[in-house]
Amino acid sequence: MWYMRQAGRCLAEYRALRERFGILEIVRTPELCARVTAMPVSRLGVDAAVLYADIMLPLDGMGVPFRIEPELGPIVETPVRDARAVDAVRVIPAEDATPYLFETIRALRRTLPPEIALIGFCGAPFTLASYLIEGRPSRDYALTKAMLLGEPALWSRFMNTLVDVLGRYLRAQIDAGVDALQIFDSWAGALGTEDYARAVLPYTRQLFAQIGARVPRIHFTSGNPALLPLVASVECEAVSVDWRVPLDEAWRAIGDRAIQGNLEPAVCLAPWDVVAARADDVLRRANGRPGHVFNLGHGVLAATDADILARLAAHVRDTRITIAA
């Protein structure tokens with residue numbers, strides 16, 4: 001088990017660092033980034049370290065300036081909304097675009113215990129495109145959908161460019177030493193099944209194919225359980241599901257794949273007896289079947305007590321066999 005967004009936010013040690021350094025300053029400083037990535041391993045008792053990074057980092061090599069605003073999120077200073085902007089996006093070697101990230105991975109691989117997996121990641125083409133087009137977090141993704149629906153040729157050019165950028169980025173993470181990859185299509189749930197199948201899924205498939213099966217690949221989407229069979233049709237080793245559908249129903253929908261999830265992050269803000277009961281329900285639905293990675297259905301909420309997460313990790317480890325029986 002591990003927790004999405006476990007590196008930072010709820011950890012006092014991380015908050016102390018954030019009083020001195022900005023998010024991107026930490027990410028772009030390998031010594032600091034490696035320290036934050038490793039923090040949850042001993043503190044929370046998880047089985048994996050997830051790289052402390054941001055899905056916007058590939059923009060460093062694309063020639064698209066961005067910043068991260070506290071309490072708001074990524075801001076793209078000049079959004080990509082027309083053919084000229086799409087054609088101006090650069091595709092360069094990943095090691096030239098984000099060398100600091102690969103230095104961090106190599107440092108972590110030297111220092112993490114061998115039994116602790118290191119998980120790399122990126123945003124999926126659609127999710128990254130939504131940030132680039134909208135310019136900031138969005139509730140309706142209106143500008144993104146306008147390009148997807150109204151300018152299919154431009155949308156295709158843009159998505160193919162992002163597949164190329166992200167494929168290079170992920171292959172370089174593997175070369176540097178990550179043990180698994182998660183591709184976050186966090187905003188794909190904003191689409192219906194028809195638009196997802198036509199205008200997103202083909203590019204996601206291309207990206208997974210470019211990575212190959214050198215390490216396990218986890219495909220994450222959120223917000224629309226109706227997409228799960230399509231999500232699982234991608235060549236991947238595991239599908240990560242949120243909390244909007246029970247684990248056993250989600251597993252039936254994805255078929256012969258490993259599954260990750262699906263405790264709601266807000267549950268961890270409740271009293272311990274509620275947390276334990278909800279975790280036990282996830283485990284019962286897994287029913288001891290091989291291939292379940294216990295995780296939250298999305299990232300750790302900032303207000304979460306780290307002691308609860310540590311207690312939950314120990315609880316899952318101690319009780320999963322007896323519950324399954």
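Our structure's up above, just so we're on the same page.
Residues numbered from 1 in each chain as written. Predicted model: local features only at pLDDT ≥ 70, side-chain atom pairs only at ≥ 80, totals over all residues. Heavy atoms only, no water.

J.: Would you mind going over the overall build of the protein in detail, with residue names and values included?
T.: When its secondary structure is counted, the protein shows 16 helices and 9 strands. A globule of 325 residues ought to have a C-alpha radius of gyration of about 20 Å, and the protein, at 19 Å, matches this closely. Reported as C-alpha extents along the three principal axes, the dimensions of the protein are approximately 60 × 45 × 35 Å. Across the 325 residues of the protein, 55% fall into the buried class. For the protein, the exposed surface amounts to about 13,300 Å²; the carbon and sulfur share of it is 51%. Averaging the locations of the 35 positively and 38 negatively charged side chains of the protein gives two centres separated by 0 Å. (Helix = DSSP H or I, 4+ residues; strand = E, 2+ residues; numbered from the N terminus. Rg over C-alpha atoms; globule rule 2.2 N^0.38 Å. Buried < 20%, exposed > 50% of the residue type's maximum accessible area, 1.4 Å probe, protein only. Areas by Shrake-Rupley, 256 points an atom, 1.4 Å probe, with all protein chains shown as cover. Lys, Arg positive; Asp, Glu negative; His and termini not counted. Charge placed at Lys NZ, Arg CZ, Asp CG, Glu CD.)

J.: Can you break down the environment of Ser-156 residue by residue, with the values?
T.: On the secondary structure map, Ser-156 appears in helix α10 (residues 152-176). Once the C-alpha coordinates of Ser-156 and Val-86 are considered, the two residues, 70 residues apart in sequence, prove to be 10 Å apart. Within the local environment of Ser-156, its side chain forms a polar contact with the side chain of Tyr-203, the two groups lying 3.0 Å apart. (Polar contact = N/O pair within 3.5 Å; in protein donor to acceptor, adjacent residues only side chain to side chain.)

J.: Mind laying out the nonpolar core, listing which residues take part and the relevant values?
T.: Ranked by internal contacts, the top residues of the largest apolar core, which has 123 residues, are Tyr-3, Trp-155, Phe-158 and Leu-312. Among the elements that make up this core, the one with the highest residue count is α10 (13 residues). Beyond its immediate stretch of four places on either side in the chain, Leu-312 contacts Met-1, Tyr-3, Leu-263, Cys-268, Trp-272, Val-275, Ala-279 and Phe-294. (Core = buried A, V, L, I, M, F, W, Y, C linked by side-chain atoms within 4.5 Å. Contact = heavy atoms within 4.5 Å.)

J.: Quick rundown of the sheet that holds strand β1 (residues 48-50)? Include the residues and the values.
T.: Here 7 strands make up an open sheet; going across it, the order is β1-β4-β5-β6-β7-β8-β9 and the pairing parallel. Of all strands in the sheet, those bounded by a partner on one side alone are β1 and β9 (292-296). Each neighbouring strand pair of the sheet contributes to a mean axis angle of 25 degrees, computed without reference to strand direction. In this sheet, β9 lies alongside strand β8 (residues 258-263) in parallel orientation, the contact comprising 5 bridges. Pairing of Ile-259 across the sheet is with His-292, part of β9. Sheet strands in contact with helix α14 (residues 247-254) are β7 (238-240), β8 and β9, and its direction is about 150 degrees off that of β8. (Pairing = 2+ DSSP bridges. Axes fitted to C-alpha atoms, helices over the stretch in contact; angles between N-to-C directions.)

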